[in-house]
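Residue strings, one per chain:
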Amino acid sequence: MHSVPERLESLVRGLALPQGRRVGRSGHRDAEIWIEAQFARLALMPYAETGYALPYTSGRTQFTNFAAIIPGRDQSLAPLLIGAHYDSVIDAPCADDNAASVALTLEIASRLKSSQLRRDVIIALFDAEEPPYFLTEAMGSIRFYENQTDRRGFHAALITDLIGHDVGFRSLAADTPEEIRRLVCVLGAESHPALPAIIDATPTPSGLAAIALRNSYAPDLSDHHIFRVNHHPYLFLSCGHWPHYHKRTDTPDRLAYTKLAAITDWTHALLLKLADAPLPPHSRTPADADSTAAFEAATIARAIPPGLLQKFGLSVPATRAGVDAFVGLLLRETYELG
Ligand SMILES: [Zn+2]
């Protein structure tokens, strides 16, 4: 019996091969076969009558999404979706982007099989998230959303991307302290009033700290876009950019598998709570447009010791201005690194 980090590493190594998974390349076809085999290994129920593969075309190009379903107790309820993209931006392993999230999704699918939840859970692996398809009508998550015929709609969506690495600060490099390295960002809590309390009630495992940020700080970096614009509750988990982002050096040996395992455990716990939560339709008024500012500030205050914030010239955040200052630091130190 392998440990969770070992299982995740073995999945990443199975998918993140040297030729990559670019749309139209032979490596993409290999990835499709691998995903089919993984879903079959877990004996998941296909989402469509025709099987796990959901092929589609755009122009003359062929694409394939994959989806399976974990049946819940109440088939009348809208399903919860957990999803990640599996394509790669270049002909290279792209382990962090996004084999790590595929591994997390498969590990969670295998755990969900033995626990019957209140509602169905859709396990989705999307094609064509990367440029030149990003946010176009060929993007896998957009096509999955537009083509789905399930009249129950979606309860909520959990999306992950770039979750396999330790956060590193440009100015500190290898000396980046553990309190920064262990961070994961969770975006989108503002998409439903019940989400902050769900995040607060889900403590992170040791070795991981989550900071909540509103999505507008890094607009629609991944497949949560289509769920946000259609007003579904969503959460997007990411460790952001690192020096190997979209480079040939994004290889399986560079990932932090213990952290990835902690993110998997935490995502699994969030998913169990989301599946149970009613998340009733809600209407937002301009007055509560920034209702998550204090919540976001509290997650930062919980994750980063005051002394460390002080080193960067920041005080413990309590308001939107405090969160802005911390995000400013985070973006300066990590965004488009390398
Ligand atoms: Zn990417």
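Quick note: structure is the one above.
Residues numbered from 1 in each chain as written. Predicted model: local features only at pLDDT ≥ 70, side-chain atom pairs only at ≥ 80, totals over all residues.

(A) Up close: unusual backbone geometry. For the bond from Asp 97 to Asn 98, the omega torsion is 20°, close enough to zero to count as cis. Relative to the assigned elements, Asn 98 resides in helix H3 (residues 95-112). Positive phi, normally seen in glycine, also occurs at Asp 220, with a value near 45°. Along the polypeptide, Asp 220 turns up in the loop between strand E8 (209-213) and helix H7 (225-229). A positive phi angle, near 65°, is found at His 231, a position not held by glycine. Within the fold, His 231 resides in the loop between H7 and strand E9 (234-238). (Helix = DSSP H or I, 4+ residues; strand = E, 2+ residues; numbered from the N terminus.)

(B) Representation of the pairing of E8 within the structure. Among the five residues in E8, five count as buried, and that is most of the element. Burial along E8 is two-sided: the face carrying Ala 209, Ile 211 and Leu 213 and the face carrying Ala 210 and Ala 212 are both buried. Note that strand E7 (residues 183-187) and E8 share five bridges and pair parallel. Residue pairing for E8: Cys 185 is matched across the bridge by Ile 211. As a crossover connection, the stretch from E7 through helix H6 (residues 195-200) into E8 is right-handed. (Buried ≥ 20, exposed ≤ 12 C-beta atoms within 10 Å, placed from the backbone. Pairing = 2+ DSSP bridges. Right-handed = clockwise from strand over helix to strand, strands pointing away.)

(C) Region of interest: the packing of helix H9 (residues 293-303) against helix H11 (residues 320-334). Across the interface, H9 lies against H11 with an axial gap of 8 Å and an inter-helix angle of 50°. Comparing their axes, H11 and H9 come out oblique. Classified by chirality, the crossing of H11 by H9 is left-handed. On the side of H9, the interface is formed by Ala 293, Glu 296, Ala 297 and Ile 300, while H11 contributes Arg 320, Gly 322, Val 323 and Phe 326. (Axes fitted to C-alpha atoms, helices over the stretch in contact; angles between N-to-C directions. Parallel < 35°, antiparallel > 145°, perpendicular 65-115°, else oblique. Left-handed = near helix turned anticlockwise from the far one by under 90°. Contact = placed C-beta atoms within 7 Å.)

(D) Molecular detail of H11. For H11, built from 15 residues, the straight-helix expectation of 21 Å at 1.5 Å per residue is met to within 8% by its first-to-last C-alpha distance of 21 Å. The complete set of buried residues in H11 reads Gly 322, Val 323, Phe 326, Val 327, Leu 330 and Thr 334. Looking down the long axis of H11, one finds its buried residues gathered within 130° of arc, a one-sided arrangement. For H11, exposure combined with an orientation more than 90 degrees from the buried face picks out Ala 321 and Arg 332. In the core, the buried residues of H11 are packed alongside E8 and H9. (Expected span 1.5 Å × (residues − 1). Arc of directions from axis to C-beta.)

(E) Seen up close, the environment of Ile 226. Looking at the secondary structure, you find Ile 226 in helix H7. In this structure Ile 226 comes out as buried when scored by C-beta crowding, with 23 C-beta atoms within 10 Å. Taking the C-alpha atoms as reference points, Ile 226 and Leu 135, 91 residues apart in sequence, are found 8.6 Å from one another.

(F) Molecular detail of the pairing of strand E3 (residues 61-70). Counting buried residues along E3, seven of its 10 residues qualify, which places the element largely inside the surrounding structure. In this sheet, E3 lies alongside strand E1 (residues 45-46) in antiparallel orientation, the contact comprising two bridges. Bridge assignment links Pro 46 to a residue of E3, and that residue is Ala 68. Examined bridge by bridge, strand E2 (residues 53-58) and E3 share six bridges and lie antiparallel to one another. Each bridged residue has a counterpart across the sheet, and for Pro 55 the counterpart in E3 is Thr 64. What sits between the antiparallel neighbours E2 and E3 is a turn of two residues, in which Gly 59 has the positive phi angle 60°. Bridge analysis of E3 against strand E5 (residues 121-126) gives five bridges, and the strand direction is antiparallel. Bridging across to E5, Ile 70 finds its partner in Val 121.

(G) Local environment of the nonpolar core. Of all hydrophobic cores here, the largest spans 98 residues; its most connected members are Val 12, Val 184, Val 186 and Leu 260. Broken down by element, the residue count for this core peaks at 10 residues, all from helix H8 (residues 257-276). With residues near it in sequence (within four places) discarded, Val 12 still touches Ala 95, Ala 99, Ala 100, Ala 103, Pro 252 and Leu 255. (Core = buried A, V, L, I, M, F, W, Y, C linked by C-beta atoms within 7 Å.)

(H) The arrangement of the packing of H3 against H8 in detail. For the pair H3 and H8, the least separation of the axes is 10 Å and the interaxial angle reads 50°. By the angle between their axes, H3 is oblique relative to H8. Judged by the twist between their axes, the crossing of H3 over H8 is right-handed. Contact residues: H3 offers Ala 100, Leu 104, Glu 107, Ile 108 and Arg 111, while H8 offers Leu 260, Ile 263, Thr 264, Thr 267, His 268 and Leu 271. For the contact of H3 with H8, the residue count by class is six nonpolar, three polar and two charged. (Nonpolar A, V, L, I, M, F, W, Y, C, P; charged D, E, K, R; others polar.)

(I) Fine view of helix H4 (residues 140-147). Most of H4 is tucked away: six of the eight residues are buried. Inspection of H4 places Gly 140, Ser 141, Ile 142, Arg 143, Phe 144 and Tyr 145 among the buried residues, and these make up the whole buried set. On the buried face of H4, the contacting elements are E2, E3, strand E4 (80-85), E5 and H7.

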